[in-house]
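So you can see what is in the structure, the chains are spelled out below.
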Amino acid sequence: MPKLVLSSRAIQVINKSIDLFHHRGFHTVGVDRIVKECEVTKATFYNFFHSKERFIEICLIVQKERLKEKVVSMVEYTSQTSVMDKLKKLYVLHTDLE
């Protein structure tokens, strides 16, 4: 899959929207709410993402990549941590119910 190239403003919209989805629920947050909360026009939203479906796909890709980065950093870059502690951290990361 080709690497996503997004403007800083599009990334801000994604970040705010992921937060909205997390706190308000995926099915209750529509494009109208997203553009209002992110202070962009609908035209700008659709210029960035083309459709709500594509936007959601991009949000999922961004979340997956962030999770992957966290997992890799926990496993590979904390050499002073025991395997059991790494597994505990991974478990907590995947079960965070905030």
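This structure is a prediction, so every number in the text was calculated from the model and none was measured. (Residues numbered from 1 in each chain as written. Predicted model: local features only at pLDDT ≥ 70, side-chain atom pairs only at ≥ 80, totals over all residues. Heavy atoms only, no water.)

Observations concerning the packing of aromatic side chains
Enumeration according to the criterion identifies 7 aromatic pairs in this entry. Members of the aromatic cluster, connected to one another through ring pairs, are Phe21, Phe26, Phe45, Tyr46, Phe48, Phe49 and Phe55. (Phe/Tyr/Trp six-rings, centres within 6.5 Å; stacked < 30°, edge-to-face > 60°.)

Thoughts on the packing of helix 1 (residues 8–24) against helix 4 (residues 52–76)
Running from N to C, helix 1 and helix 4 cross one another at 90 degrees; their axes reach a closest spacing of 10 Å. Between helix 1 and helix 4, the crossing angle belongs to the class labelled roughly perpendicular. On helix 4, the residues that touch Val13, Ile14, Asn15, Ser17, Ile18 and Phe21 of helix 1 are Phe55, Ile58, Cys59, Val62, Gln63 and Arg66. Residues of the contact of helix 1 with helix 4, tallied by class, amount to 8 nonpolar, 3 polar and 1 charged. (Axes fitted to C-alpha atoms, helices over the stretch in contact; angles between N-to-C directions. Helix = DSSP H or I, 4+ residues; strand = E, 2+ residues; numbered from the N terminus. Parallel < 35°, antiparallel > 145°, perpendicular 65-115°, else oblique. Contact = heavy atoms within 4.5 Å. Nonpolar A, V, L, I, M, F, W, Y, C, P; charged D, E, K, R; others polar.)

Some remarks on the environment of lysine 42
Among the secondary structure elements, lysine 42 is positioned in helix 3 (residues 42–49). Put simply, lysine 42 and aspartate 32 are 10 residues apart on the chain and 7.6 Å apart in space, counted from C-alpha to C-alpha. Those residues within four positions of lysine 42 in sequence are excluded, and the remaining contacts are Val31, Asp32 and Val35. Within the local environment of lysine 42, its side chain forms a polar contact with the side chain of aspartate 32, the two groups lying 2.7 Å apart. (Polar contact = N/O pair within 3.5 Å; in protein donor to acceptor, adjacent residues only side chain to side chain.)

Structural notes on unusual backbone geometry
At glutamate 39, a residue that is not glycine, the phi angle is positive and equals roughly 55 degrees. Mapping glutamate 39 onto the fold places it in the loop between helix 2 (31–38) and helix 3. Using a relative accessible area of 70% as the deciding quantity, one classes glutamate 39 as exposed. (Buried < 20%, exposed > 50% of the residue type's maximum accessible area, 1.4 Å probe, protein only.)

Thoughts on the pattern of salt bridges
As enumerated under the stated definition, the model contains 6 salt bridges in all. With a shortest N-O distance of 2.7 Å, lysine 42 and aspartate 32 are connected by a salt bridge. Remark: aspartate 32 occurs in helix 2 and lysine 42 occurs in helix 3; sequence separation between them is 10 residues. For lysine 64, the salt bridge goes to glutamate 65, with nearest N and O atoms at 3.7 Å. With relative accessibility at 29%, the residue glutamate 65 sits in the partly exposed group. A single salt-bridge network, built from bridges that share partners, covers Lys16, Arg33 and Glu37. (Salt bridge = Lys/Arg side-chain N within 4 Å of Asp/Glu carboxyl O.)

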